[in-house]
Amino acid sequence: MPRPRKCRRICALPRWNTFGPLEGGADGPVEMAVEEYEAIRLIDLLGCTQEECAGQMGVARSTVQQVYDRARQKLALALVEGRRLVISGGDYMLCAQAEGCAGRDCARRRCDRGRCGCGGCAGQETD
């Protein structure tokens, strides 16, 4: 029996969830999960290491690496093929201190819900 999936903690939902070419574009959107967006935000935008990102998201570093690799592949696919990128779904829970988040040094590191077993994830999709 496989281990249950842990929810990934995220600071906030993306302000915009759809991106794409202004004209035309290839058929079919590329769908990115919210936790993949969060990994891109933390590592590429804020300059966190994978270890720091893992601490913020409440998962192992190897999990962050997998999530980050999938996110980069999806970004490349959207850019190279001119496809629409849609951010939605996934296995995540919104940090309780999200509104006061300072970004890289998010208060969620002190969050008492480090391991999600509540079944209250925002998205209940599985791989």
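Not measured: the values here are computed from a predicted model. In this numbering scheme, every chain counts its residues from 1 along its sequence in written order. Totals for whole chains, interfaces and linings use every residue, but because this is a predicted model, local features are given only for residues with pLDDT of at least 70 and side-chain atom pairs only at 80 or more, for both listing and counting. For side-chain calculations, the full set of non-hydrogen atoms in the structure is used, while hydrogens and water are omitted.

Caption draft 1: Examining the overall build of the protein chain more closely. Going along the chain from the N terminus, every DSSP run of H or I of four or more residues is numbered as a helix, and every run of E of two or more is numbered as a strand. Across its full length, the protein chain carries three helices and five strands. Reading the helices (α) and strands (β) of the protein chain from amino to carboxyl end gives β-β-β-α-α-α-β-β. Residues classed as buried in the protein chain amount to 40% of the 127 residues present. The contact criterion used throughout is that any non-hydrogen atoms of two residues lie within 4.5 Å. Long-range pairs, those at least 24 residues apart, make up 81% of the contacts in the protein chain with a sequence separation of at least 6. By element, 50% of the accessible surface of the protein chain is carried by carbon and sulfur atoms, the whole surface being about 7800 Å². Here's how the labels work: a residue is buried when its accessible area is under 20% of the maximum for its type, exposed when over 50%, partly exposed in between, all with a 1.4 Å probe on protein chains only. Calculation of accessible area relied on Shrake-Rupley with a 1.4 Å probe; when residues are assessed, cover is drawn exclusively from the protein chains displayed.

Caption draft 2: View of the environment of threonine 18. The residue threonine 18 is located in strand β2 (residues 18–19) in this model. The exposure class of threonine 18 is partly exposed, given its relative accessible area of 37%. Residues threonine 18 and valine 86, 68 residues apart in the sequence, show an inter-C-alpha distance of 4.5 Å. Excluding anything up to four places from it in sequence, threonine 18 contacts Arg84, Leu85 and Val86. Pairs of N or O atoms within 3.5 Å make up the polar contacts considered here, provided that, within protein, one atom can donate a hydrogen while the other can accept it, and that residues adjacent in sequence are counted only when both atoms are side-chain atoms. There is a polar contact of 3.3 Å between the side chain of threonine 18 and the side chain of asparagine 17.

Caption draft 3: Structural detail: the state of the cysteines. Throughout, disulfides are identified as pairs of cysteine sulfur atoms within 2.5 Å of each other. Per the stated rule, a full pass over the model turns up zero disulfides. Between cysteine 53, a free cysteine, and cysteine 48, which holds the nearest cysteine sulfur, the sulfur-to-sulfur gap is 6.5 Å.

Caption draft 4: Structural context of the sheet that holds strand β3 (residues 30–32). One bridge is not enough; two strands pair if DSSP finds at least two bridges between them. Pairing within the open sheet is mixed, and its three strands lie in the order β2-β4-β3. Edge positions in the sheet fall to β2 and β3, since each of these pairs with one other strand and no more. As paired elements, β3 and strand β4 (residues 85–87) share three bridges and run parallel to each other. From the neighbouring strand, methionine 32 faces β4, where its bridge partner is isoleucine 87. Lines fitted to the C-alpha atoms define the axes, with helices restricted to the stretch that makes contact. Angles between their N-to-C directions range from 0 to 180 degrees. Set on the sheet, helix α1 (residues 34–45) makes contact with β3 and β4; between it and β3 the angle comes to about 75°. Relative to the sheet, helix α3 (residues 61–81) contacts β3 and β4, its axis offset from that of β3 by approximately 150°.

Caption draft 5: Fine view of the pattern of salt bridges. When a carboxyl oxygen of Asp or Glu is within 4 Å of a side-chain nitrogen of Lys or Arg, the pair counts as a salt bridge. Tallied over the full model, the rule gives four salt bridges. Two residues, glutamate 38 and arginine 41, come together in a salt bridge whose shortest N-O distance is 3.0 Å. Taken as a pair, glutamate 38 and arginine 41 lie in helix α1 at a separation of three residues, close to a single helical turn. With respect to burial, glutamate 38 and arginine 41 carry one shared label: buried. Ionic pairing is found between glutamate 81 and arginine 83, a salt bridge with its closest N-O pair at 3.2 Å. With relative accessibility at 41%, the residue glutamate 81 sits in the partly exposed group.

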